[in-house]
Amino acid sequence: MDHYDSQQTNDYMHPEDDWDRDLLLDPAWEKQQRKTFTAWCNSHLRKAGTQIENIEEDFRDGLKLMLLLEVISGERLAKPERGKMRVHKISNVNKALDFIASKGVKLVSIGAEEIVDGNAKMTLGMIWTIILRFAIQDISVEETSAKEGLLLWCQRKTAPYKNVNIQNFHISWKDGLGFCALIHRHRPELIDYGKLRKDDPLTNLNTAFDVAERYLDIPKMLDAEDIIGTLRPDEKAIMTYVSCYYHAFSGAQKAETAANRICKVLAVNQENEQLMEDYEKLASDLLEWIRRTIPWLENRAPENTMQAMQQKLEDFRDYRRLHKPPKVQEKCQLEINFNTLQTKLRLSNRPAFMPSEGKMVSDINNAWGCLEQAEKGYEEWLLNEIRRLERLDHLAEKFRQKACIHESWTDGKEAMLQQKDYETATLSEIKALLKKHEAFESDLAAHQDRVEQIAAIAQELNELDYYDSPSVNARCQKICDQWDNLGALTQKRREALERTEKLLETIDQLYLEYAKRAAPFNNWMEGAMEDLQDTFIVHTIEEIQGLTTAHEQFKATLPDADKERQAILGIHNEVSKIVQTYHVNMAGTNPYTTITPQEINGKWDHVRQLVPRRDQALMEEHARQQHNERLRKQFGAQANVIGPWIQTKMEEIGRISIEMHGTLEDQLTHLRQYEKSIVNYKPKIDQLEGDHQQIQEALIFDNKHTNYTMEHIRVGWEQLLTTIARTTNEVENQILTRDAKGISQEQMNEFRASFNHFDRKKTGMMDAEDFRTCLISIGYNMGEAEFARIMSIVDPNRIGVVTFQAFIDFMSRETADTDTADQVMASFKILAGDKNYITVDELRRELPPDQAEYCIARMAPYTGLDSVPGALDYMSFSTALYGESDL
């Protein structure tokens, strides 16, 4: 056994084990396997000029079994025994089984005796083992083999086809599209795949089987009816048949592949030679450019001006931006071409490409590395030189800017620190001056860093030998002297401000305490006055009760408020006492508030006056809301009775107009009784209107005791009156129609039953489509034009619906048309006698005078035959009496 066979042995252990465990085959599967395996064996045996008919009988002597193995393996087996005895048959079968085992296939529970005895299950299992080994094992697709390889091949080939999803070898093939897709993928001219339907599996399967047998020399191994009729087709049968597709198509592909391979080799050789030439030229050009560029980058001659150095930097940037990128692309392309060339040569078993001396990729990379090293050094030198020149210019400009800012800030500061404005200031002004002085001290401390920076910059400029160092040093010394003087004046002013602050601090604290307590108390009184004078709008008794409760809570706070008022006035009295005792010169009033004790006392008196007025207003509103609540309950009680009563009457009238209880006269009597009871109910509506008027006059806008409004009741009452009147009129018209047309009660009931049946929305009217359906159901065969004519009769106003009255008018009219025509003919013959016309004189003689004149007037436009003046034939007579559209 070679390495491949030994590797595949384990792969086919599982199918044998499965067969052994599944000795009791499903009858449908066994049938499919018999047909498939028999057809597969015959497809090979016919090459030897023979075939089998019964798979378990024809292999019993082992002769055809050995012949089958020789055909499919291309090898010679041991000479068979030609005897007819059982021992000879067992010997032949054993030779066949030994040959199968020599191919690395383990036969589990399959012995020669069972084959010789005609055991169908064992025979099918043996044939399946042969199929696996010789038809499926060698299939390999993308590193998968055997069953998995065959499945992957099917999936790859059918992937572009809609409605084809091959996941297994059973139910995925039931619709037949998988077989058709395999054929169409390799031989599209054989099947019109676009006409196949997923819901017609029988046609799909038979199409695939017939085409495969006729054009691909694949025998018909399966029955379409068996596959469709089986819940899960037999996997082994499907795999056997699909493997024939694989072998049929793989042979054609190999020949095409061989021809393509030769053309590909020639094309690759030509392409490789061109790549070699391109590499040599590109490498030479690139190395020459590197040789010219490196000396320019290694030039380190310094410049004395920033402008000159900036020009050098701009030239270097042009090199980076314009000259180098194309060379980078050339180098990259050179390496890509070299690697691509080497790969193509290796794949085509050609010797590797060796460039000319000094033009290897490594040589170019080394030269490129030198270029980049020189480039890096040149860039660093440029930047360092520019930084050096920039540093000097920057430091000088920075010194000038900082010096100007500092000098501008110190301008006028010395005069400000020497002022004595605190001598006549109040405490608040003293505190403001102290705050202002603290801010100045913070600002002064913040400027300390700037002074130090100015001195440091001047020092650095001296160290770098700046050309204008003398003027820088003089300016720096002036700034430092002025800074020391500002520090001394600042300390002296702080001490003077703090002494003055202590003198006024006690009075200021009392002023502040007064202001802190007077402001919220004043706000409280203003808010109380606003609330006590605020008008209120309430709609329910609960709302007025809430306002009353809040007012009582407010009155409970008045004693504590009076105590706070007296405490605030006490603080003010203490300030007055201190001013008189210590003769303090107070400039102005309390700086923290404008509220005076007089204002506090005046507002307090006003609050005390407003409280009883609020009490009276709340009591009056409470009484009004109680009266409104009684009106709501009174209206709600009546509306909750009248509203449902109206709805009930509407429903009862609707049922009378639809249901078929009694004659039309009975329905009319019933409706008039309803109308009388409705009219008698009118006083209750009037009473409810009176209650509603009282509610409106009381400005009541909502009522939680009912969901009905007066508008709802009015609309319902008007609809009820309209409905009873309309329904009564409809029944009266139905009676007139019935009597005029001679319709029986039974016919009326039939008309009503048909109308109710097709009134699908139960609205008492049929829409156009329901009416069309009704006409079709009673035998009308009409087109669009005829239906439009009928609709113009039953719906002259074109509102899109048919009422019951219009329906019975149409039905009675259609029923009476034939009778009318017959009556006209009989009347004409009686009056005309043996003639085919009738004269005006005959009408005057036969009819009463008044009716004769009316008839003659109707016939006037139609009289006057060519042969007999003043006479009418039958058509003119009937048209004059009944009109053109009636007959």
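Residues numbered from 1 in each chain as written. Predicted model: local features only at pLDDT ≥ 70, side-chain atom pairs only at ≥ 80, totals over all residues. Heavy atoms only, no water.

Overview of the overall build of the chain
- Broken down by element type, the chain carries 31 helices and six strands.
- Expressed as a percentage of the 887 residues in the chain, the buried residues total 40%.
- In the chain, of all internal contacts separated by at least 6 residues, the share reaching a separation of at least 24 is 71%.
- Element-wise, carbon and sulfur atoms account for 51% of the exposed surface of the chain, whose accessible area totals about 50100 Å². (Helix = DSSP H or I, 4+ residues; strand = E, 2+ residues; numbered from the N terminus. Buried < 20%, exposed > 50% of the residue type's maximum accessible area, 1.4 Å probe, protein only. Contact = heavy atoms within 4.5 Å. Areas by Shrake-Rupley, 256 points an atom, 1.4 Å probe, with all protein chains shown as cover.)

What about the packing of aromatic side chains?
- Summed over the entire model, instances satisfying the criterion amount to 29 aromatic pairs.
- Pairing Phe 179 with Tyr 241 gives two aromatic rings, centres 5.6 Å apart and planes at 65°, and the pair type is edge-to-face. Linking Phe 179 in helix α10 (residues 177-186) with Tyr 241 in helix α13 (residues 235-297), this pair joins segments that are 62 residues apart in sequence. Here Phe 179 matches Tyr 241 in class, with each residue buried. (Phe/Tyr/Trp six-rings, centres within 6.5 Å; stacked < 30°, edge-to-face > 60°.)

Some details on the packing of helix α17 (residues 427-463) against helix α18 (residues 469-533)
- Packing of α17 against α18 brings their axes to within 9 Å, and their N-to-C directions diverge by 165°. Here α17 is positioned roughly antiparallel relative to α18, judged by the angle of their axes. The handedness of the crossing between α17 and α18 is left-handed. (Axes fitted to C-alpha atoms, helices over the stretch in contact; angles between N-to-C directions. Parallel < 35°, antiparallel > 145°, perpendicular 65-115°, else oblique. Left-handed = near helix turned anticlockwise from the far one by under 90°.)

Focus: the packing of helix α5 (residues 63-73) against helix α6 (residues 86-102)
- Contact geometry for α5 and α6: axes closest at 8 Å, N-to-C directions at 25°. Relative to α6, the element α5 is oriented roughly parallel. Between α5 and α6 lies a crossing of left-handed hand. Residues Leu 63, Leu 65, Met 66, Leu 69 and Ser 73 of α5 form the contact with α6, whose own contacting residues are Asn 92, Lys 95, Ala 96, Phe 99 and Ile 100.
- Within the contact of α5 with α6, the residues separate by chemical class into seven nonpolar, two polar and one charged. (Nonpolar A, V, L, I, M, F, W, Y, C, P; charged D, E, K, R; others polar.)

Structural notes on the pattern of salt bridges
- One pass over the structure, following the stated rule, counts 51 salt bridges.
- Among the ionic pairs, Arg 517 bridges to Glu 513, the shortest N-O distance being 3.9 Å. Residue Arg 517 and its partner Glu 513 are both found in helix α18; the two are separated by four residues, about one turn of the helix.
- For Lys 603, the salt bridge is made with Glu 526, and the minimal N-O distance between the two is 2.7 Å. On the criterion of sequence distance, the pair formed by Lys 603 in helix α21 (residues 597-658) and Glu 526 in helix α18 is long-range, its members being 77 residues apart.
- The structure contains a network of salt bridges with shared partners spanning Arg 320, Lys 324, Glu 372, Glu 375 and Glu 379. (Salt bridge = Lys/Arg side-chain N within 4 Å of Asp/Glu carboxyl O.)

Some words on the side chain of Asp 795
- Following the sequence through the fold, Asp 795 ends up in the loop between α27 (784-794) and β4 (801-803).
- Buried and unpaired, Asp 795 has Arg 798 as its nearest opposite-charge partner, separated by 7.4 Å.
- Within the structure, the side chain of Asp 795 is placed 2.8 Å from the backbone nitrogen of Gly 800, a separation counted as a polar contact.
- Excluding residues within four positions of it along the chain, Asp 795 makes contact with Gly 800 and Val 801. (Lys, Arg positive; Asp, Glu negative; His and termini not counted. Polar contact = N/O pair within 3.5 Å; in protein donor to acceptor, adjacent residues only side chain to side chain.)

A few points about the nonpolar core
- One finds Trp 40, Ile 130, Phe 179, Ile 183 and Tyr 245 to be the most contacted residues of the largest nonpolar core, which totals 79 residues.
- Looking at this core, the element that brings in the most residues is helix α8 (residues 120-136), giving 11 residues.
- The contacts of Phe 179, once residues within four sequence positions are left out, are Trp 173, Leu 205, Ala 208, Phe 209, Leu 222, Ile 238, Tyr 241, Val 242 and Tyr 245. (Core = buried A, V, L, I, M, F, W, Y, C linked by side-chain atoms within 4.5 Å.)

Observations regarding the environment of Leu 392
- Tracing the backbone shows Leu 392 in helix α15 (residues 361-410).
- On a C-alpha basis, the gap between Leu 392 and Leu 461 in space is 7.4 Å, while along the polypeptide they are 69 residues apart.
- Among all residues touching Leu 392, those that are not within four sequence positions of it are Leu 461 and Leu 464.

Quick look at the environment of Asn 168
- Locating Asn 168 in the fold gives a position in the loop between α9 (146-158) and α10.
- Between the C-alpha atoms of Asn 168 and Glu 148, which are 20 residues apart in sequence, the distance is 9.5 Å.
- Every residue in contact with Asn 168, bar those within four places of it in the chain, is listed here: Leu 151 and Trp 173.
- There is a polar contact of 3.1 Å between the side chain of Asn 168 and the backbone nitrogen of His 170.

Focus on α10
- Burial runs high along α10: eight of the 10 residues are buried.
- What α10 keeps buried is the set Leu 177, Gly 178, Phe 179, Cys 180, Ala 181, Leu 182, Ile 183 and His 186.

With respect to the side chain of Thr 410
- As for its position among the elements, Thr 410 is in helix α15.
- Taking the relative accessible area as the measure of exposure, Thr 410 reaches 3% and is therefore buried.
- Of the polar contacts made by the side chain of Thr 410, one reaches the side chain of Gln 482; its length is 3.3 Å.

Brief notes about the confidence of the model for the chain
- Within the chain, residue pLDDT values average 81, and 87% of them lie at 70 or more.
- The spread of mean pLDDT over the elements of the chain runs between helix α1 (residues 3-9), the lowest at 35, and helix α11 (residues 201-215), the highest at 93.
- In this model residues 817-821 is a low-confidence stretch, pLDDT under 50, and it forms five contacts with partners more than four residues away in sequence or in other chains. (pLDDT = per-residue confidence, 0-100.)

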